[in-house]
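Here's the letter readout for the chains.
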Amino acid sequence: MKNWLLIVALMSLPLLAFGQTIGQIKSDPAILWAEGTGARPSRADDAALEMLVRKLSFTDELPFDSSVRTALWRTYLTDIKAVSGMITSSSGVVCRYLAMKDIPRVFDNRWRKVRELAASAEQASRRGETDIARTYCNWAMVYLSSLPQGEYSLRRRVSELRDKLGEGNVNALRMRNIEAETEAICEAFGVHHVSSPPARPVPSGTSPRKEPAAAPVAVERKQSTRLPLPVKLVSPDLEMPVNLLADVPRKCVGMNSPVPIPEKRFELRFNAVSELGRIPAFGLMAVGVYGRLGGYVSFRRSFVNSSFDYQCTSDGKTDFGWMWASGRTHNSRLSASGGAVAKITKKMFAYAGAGFGSATVLWEDTDGKWARVSDNSCRGFLMDAGILFDVGRLSFGIGVCALKLKDYSGVVSAGYRF
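Reference entry: report on the structure contained in this document.

Conventions used here
- Residues numbered from 1 in each chain as written.
- Predicted model: local features only at pLDDT ≥ 70, side-chain atom pairs only at ≥ 80, totals over all residues.
- Heavy atoms only, no water.
- Pairing = 2+ DSSP bridges.
- Helix = DSSP H or I, 4+ residues; strand = E, 2+ residues; numbered from the N terminus.
- Axes fitted to C-alpha atoms, helices over the stretch in contact; angles between N-to-C directions.
- Contact = heavy atoms within 4.5 Å.
- Patch = residues over 30% accessible without salt bridge, like charges linked within 9 Å, V, L, I, M, F, W, Y side chains within 5 Å.
- Areas by Shrake-Rupley, 256 points an atom, 1.4 Å probe, with all protein chains shown as cover.
- Salt bridge = Lys/Arg side-chain N within 4 Å of Asp/Glu carboxyl O.
- Buried < 20%, exposed > 50% of the residue type's maximum accessible area, 1.4 Å probe, protein only.
- Parallel < 35°, antiparallel > 145°, perpendicular 65-115°, else oblique.
- Left-handed = near helix turned anticlockwise from the far one by under 90°.
- Nonpolar A, V, L, I, M, F, W, Y, C, P; charged D, E, K, R; others polar.
- Expected span 1.5 Å × (residues − 1).
- Arc of directions from axis to C-beta.
- Phe/Tyr/Trp six-rings, centres within 6.5 Å; stacked < 30°, edge-to-face > 60°.

### Concerning the sheet that holds strand β3 (residues 94-99)
- On the basis of which strands lie adjacent, the open sheet formed by three strands has the order β1-β3-β2 and antiparallel pairing. One side of each edge strand has no neighbouring strand; the edge strands of this open sheet are β1 (31-36) and β2 (85-88). The mean inter-strand angle of the sheet, taken between neighbouring strand axes irrespective of direction, is 20°.
- The sheet contact formed by β1 and β3 spans six bridges and is antiparallel. From the neighbouring strand, Ala 34 faces β3, where its bridge partner is Arg 96.
- Contacts from helix α3 (residues 41-56) reach β1, β2 and β3 within the one sheet, and its direction differs from that of β1 by about 140°.

Here it is as structure tokens:
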């Protein structure tokens, strides 16, 4: 029971960290915060969110010109509201706060939409619905233009699909929420994205009726707009591509940029490990990570002789009678495990695995022979899990180990990242 209480306490630490006062939030340099007031709590919250957006626009998370950055952050208001915390004072002042390490979470929902739109475009393309596929792809491209650098395989996938589909109608569907968001993104970049009604379905066995040519619609473009990510919006009324990257420096990285995309790098860590429990043990942990995934192996032991001559129970009973103890004892521990590692943030990883372990308690009798205390010893299936985090080139870890789900130990480690 004590072991379980210890585990629950450790798991509760992150929750306690959020129980901060406004004063603590303001004094923490790792937290962005903003306050707002208003006639109603909702107005005060809106004011706080707007001020938080302005502060976010001073970060380098979105690599755009300052003239674009604030407007682009406003398109993330819903996501910022979901990720940030809120505290209301007794006087009605609303404080919105966001940890710097949580800023990438603001983009998670939009990355998910791009993946879903890309998958929908591919499915529509396989069904031969080219206009629908092109519509999904165009929305994905607009979303990608508003996201920070990264996810290069996804960018390449959408770019290749766009090239495959070619130019044509990009308004074969109506999805109001996506249309509103992509329109807001285009306006943030100073580009008015023109939409036309969805194409009417053509009955099978008939030829599509040619529509009279529509009058050209002007596409407004500000001279100062510079997008570091390639986007090609297609105006259905003009039936021609509008390249928003005509004057973007070629050094910017994007889907169609000639600059090579950074390759995934293999990282190796070696940590000295201490297993702290009923029987302490020490050893080494080796961790290899490539991209976001990897693996580890760990070996710990107590370096105490675990051989014995016979077994007994903790009351001194043996198969041949009773033992007479001399008072000397030995405790031996062995843990060997391996498993998977996954990147949580840029400098934090989670690991979990399984293996074999043993915990042996030995008593010496008056004849100098050693007996294994069977009810105080165990051996068999072992599980361990924890987190690793980097500080510069140094690597640190904390976790928990369970032997047969009844013998628990804490695991701490420190080492070097190559």
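### Some thoughts on a nonpolar patch on the surface
- Taken together, the side chains of Phe 270, Leu 284, Val 391, Leu 394, Tyr 416 and Phe 418 make up a nonpolar region of the molecular surface, amounting to roughly 560 Å² of accessible area.
- Of note, Tyr 416 is situated in strand β17 (residues 407-417).

### Some words on the side chain of Asp 407
- Mapping Asp 407 onto the fold places it in strand β17.
- Owing to a relative accessible area of 7%, Asp 407 belongs among the buried residues under this scheme.
- Ignoring anything within four residues of it in the chain, the contact list for Asp 407 reads Arg 278, Arg 333, Ala 359, Cys 378, Cys 401 and Ala 402.

### Let's talk about the packing of helix α6 (residues 108-126) against helix α7 (residues 130-145)
- Interaxial distance between α6 and α7 falls to 8 Å at its minimum, and their mutual angle equals 160°. In this view, α6 runs roughly antiparallel relative to α7, as classed from their interaxial angle. The way α6 lies across α7 gives a crossing that is left-handed. Of the residues in α7, those touching α6 at Arg 110, Trp 111, Lys 113, Val 114, Leu 117, Ser 120, Ala 121, Ala 124 and Ser 125 are Ile 132, Ala 133, Tyr 136, Cys 137, Trp 139, Ala 140, Tyr 143 and Leu 144.
- For the contact of α6 with α7, the class distribution of residues is 13 nonpolar, two polar and two charged.

### Notes on unusual backbone geometry
- In this structure, Lys 404 takes a positive phi of about 55° despite not being glycine.
- Summarising the element assignment, Lys 404 is placed in the loop between β16 (394-403) and β17.
- For Lys 404, a relative accessible area of 44% gives the class partly exposed.
- Positive phi, close to 55°, is recorded for Leu 405, a residue that is not glycine.

### Some remarks on α6
- For α6, which comprises 19 residues, the first-to-last C-alpha distance of 27 Å matches the rise-based estimate of 27 Å (1.5 Å per residue) to within 8%.
- Those residues of α6 lying buried are Arg 110, Trp 111, Lys 113, Val 114, Leu 117, Ala 118, Ala 121, Ala 124 and Ser 125. Along α6, the residues classed as buried sweep out an arc of 155° about the axis, all on the same side.
- For α6, the elements touching its buried residues are α7, α8 (152-165) and α9 (176-188).
- Of the residues trailing α6, Gly 128 is marked for its positive phi of about 85°.

### A word on α3
- With 16 residues, α3 should cover 22 Å at 1.5 Å per step; its first-to-last C-alpha distance of 22 Å lies within 8% of that length.
- All buried positions along α3 are accounted for by Ala 44, Asp 45, Ala 48, Leu 49, Leu 52, Val 53 and Leu 56.
- Here the buried face of α3 lies against β1, α4 (66-74), α5 (77-83), β2 and β3.

### A few points about the pairing of β16
- Where strand β15 (residues 378-391) and β16 come together, 10 bridges link them in antiparallel fashion. Within β16, the residue paired with Asp 390 across the bridge is Ser 395.
- As paired elements, β16 and β17 share 10 bridges and run antiparallel to each other. Pairing of Cys 401 across the sheet is with Ser 409, part of β17.
- In textbook terms, the turn of a hairpin is the stretch between consecutive antiparallel strands, and for β16 and β17 this stretch comprises three residues, one of which, Lys 404, has a positive phi near 55°.

### Here we look at the pattern of salt bridges
- According to the stated counting rule, one finds 25 salt bridges in the structure shown.
- The salt bridge involving Glu 50 is made with Arg 54; its shortest N-O contact spans 3.6 Å. With Glu 50 and Arg 54 both in helix α3 and four residues apart, the pair spans about one turn of that helix.
- Classification of Glu 50 as partly exposed rests on a relative accessible area of 22%.
- Connected via shared salt-bridge partners are Glu 275, Arg 278, Arg 300, Arg 333, Asp 384 and Asp 407.

### Digging into the packing of aromatic side chains
- In this structure the tally under the stated criterion is 10 aromatic pairs.
- Judged by centre distance (5.2 Å) and plane angle (90°), the ring pair of Tyr 76 and Phe 107 falls under edge-to-face. A residue pair is termed long-range when its members are at least 10 positions apart, and Tyr 76 in the loop between α4 and α5 and Phe 107 in the loop between β3 and α6 qualify at 31 residues.
- Judged by relative accessible area, which is 0%, Tyr 76 ranks as buried.
- A relative accessible area of 2% places Phe 107 in the buried class.
- A centroid spacing of 6.1 Å and a plane angle of 75° characterise the contact between Tyr 136 and Trp 139, whose relative ring orientation is edge-to-face. Taken together, the residues Tyr 136 and Trp 139, both in helix α7 and three residues apart, mark about one turn of the helix.

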